[in-house]
Amino acid sequence: MLDLLSDILTRLSMRGTLYFRTSFTKPWGVAVPDLGNVARFHFAHRGACLVSVEGMEEPILVEQGDLIIIPHGAAHALYCGHEPEKTVLPLDTVLQDSGYDGSGVLVYGGDDKPVSETQLICGHFSFEAHARHILFERLPPLVHVKNYGEAAGKWMEATLRMIGDEAGNHRMGGDLIALKMSEAILAQAIRSFLESEDALQWGLSGFSDKNLTLALDAFHKAPQRSWTVERLANAAGMSRTSFAVAFQKKMAVTPLDYVTSWRMEIAKQALLDPVNSITDVAECVGYASDSAFARVFKKETGFTPAGFKKSNIADRAII
């Protein structure tokens, strides 16, 4: 059985993609366009740079060993050197000017070598187009984990070094090794954020509350059960009232609203499997009748189960 965070990431169909490893020298700048249904990441393997994310007032300094995640795929600029308004160029332009062919290291920038070299490991994590969960919806525009390798422990520091060595090299299996390790890093980075004080500000501190996570974990392991606030409270080892108040305060949603929302995510995933009937899906998310399930599904998604199933299977067939 998967733990709470693992279940969420797996259900959202997280898939990693590594872009490249860079060797940037001053002055340089890259403007990365926005992209939907992804969480972008940049790890500073060596050197430092500034990052400016759309919607944030001030740029963030990213130093060697730091990891940044841009959870909502927002447009952003990475740069180092004076006059960024002149040196920050669109990503496509940088790729063209550098002659990067999609393999090896992306080498770009000015003549300030080798002291100013910035090596970044860049990529993104994609999610199912219709996938939704408050954990990702509420993350801030940028998650900055300083000195990430050291903070996460020796095993993570070694993992990051290995990714830096494998990404962009030409050894057999190197890209796959780096990719799979990067997926572990996203899970670790999210866990670090959820355990930090910042999680409370964004309505996510319930995921690190020792009592609430007992209830959340119990629900995620058996979403088809007939869950009530009282049963969730029992799983948390709390009274019904105390549990409901704490859940609302730390998650900014009621317990049963959370239950319903996640059940509909499971339902959407199940509906995309042609072998599942509407009845099968309704039962797997805890509804005794197709009509009761259909009412809730339509309210939460705007589609009937049959309509969602038909349109999305058709879309996948076209792709």
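Look up a bit, the structure's there.
Residues numbered from 1 in each chain as written. Predicted model: local features only at pLDDT ≥ 70, side-chain atom pairs only at ≥ 80, totals over all residues. Heavy atoms only, no water.

Q: How should empty space enclosed by the protein be read in this particular structure?
A: Picture a little ball the size of a water molecule; that probe, rolled over the atoms, points out where space is still empty. Considering all chains together, one arrives at 3 cavities of 30 Å³ or more under this definition. Put simply, the largest cavity is a space of about 90 Å³. Around the largest cavity sit Tyr19, Phe20, Phe24, Val30, Val32, Arg40, His42, Leu78, Leu91, Leu106 and Cys122, which together line it. Put simply, the parts of the chain that give the lining of the largest cavity at least two residues each are strand S1 (15–25), strand S2 (28–32) and strand S3 (38–46). Ranked by residue count, the leading element in the lining of the largest cavity is S1, at 3 residues. Tallied by class, residues from the lining of the largest cavity come to 9 nonpolar, 1 polar and 1 charged. (1 Å grid on protein atoms, 1.4 Å probe; cavity = no way out; pocket = protein on both sides within 12 Å on 5 of 7 lines; lining within 4 Å. Points joined across faces, edges and corners; volume = space filled by probe spheres on them. Helix = DSSP H or I, 4+ residues; strand = E, 2+ residues; numbered from the N terminus. Nonpolar A, V, L, I, M, F, W, Y, C, P; charged D, E, K, R; others polar.)

Q: Would you mind showing me how to read the packing of aromatic side chains here?
A: Centre distance and the angle of the planes are the two values used to describe a pair of aromatic rings. This structure, assessed with the given rule, holds 13 aromatic pairs. Considering the side-chain rings of phenylalanine 219 and tyrosine 258, the 6.2 Å spacing of their centres and the 75° angle between planes classify their relative orientation as edge-to-face. Of this pair, phenylalanine 219 sits in helix H9 (residues 210–221) while tyrosine 258 sits in helix H12 (residues 255–271); the two residues are 39 residues apart in sequence, bridging distant segments of the chain. Neither residue differs from the other here; phenylalanine 219 and tyrosine 258 are each classed as buried. Both rings, one in phenylalanine 297 and one in phenylalanine 308, keep their centres 5.6 Å apart while their planes meet at 75°; by these two values the pair is edge-to-face. Pair noted here: phenylalanine 297 is in helix H14 (residues 290–301) and phenylalanine 308 is in helix H15 (residues 305–318), with a separation of 11 residues, a long-range link. Judged on exposure class, the residue phenylalanine 297 and its partner phenylalanine 308 are both buried. Following the ring pairs from residue to residue traces out a cluster consisting of Phe207, Phe219, Trp227, Phe243, Phe247 and Tyr258. Between the NZ or CZ atom of arginine 263 and the centre of the ring of tyrosine 287, over which it lies, the distance is 5.8 Å. (Phe/Tyr/Trp six-rings, centres within 6.5 Å; stacked < 30°, edge-to-face > 60°. Buried < 20%, exposed > 50% of the residue type's maximum accessible area, 1.4 Å probe, protein only. Lys NZ or Arg CZ within 6 Å of the ring centre and 35° of its normal.)

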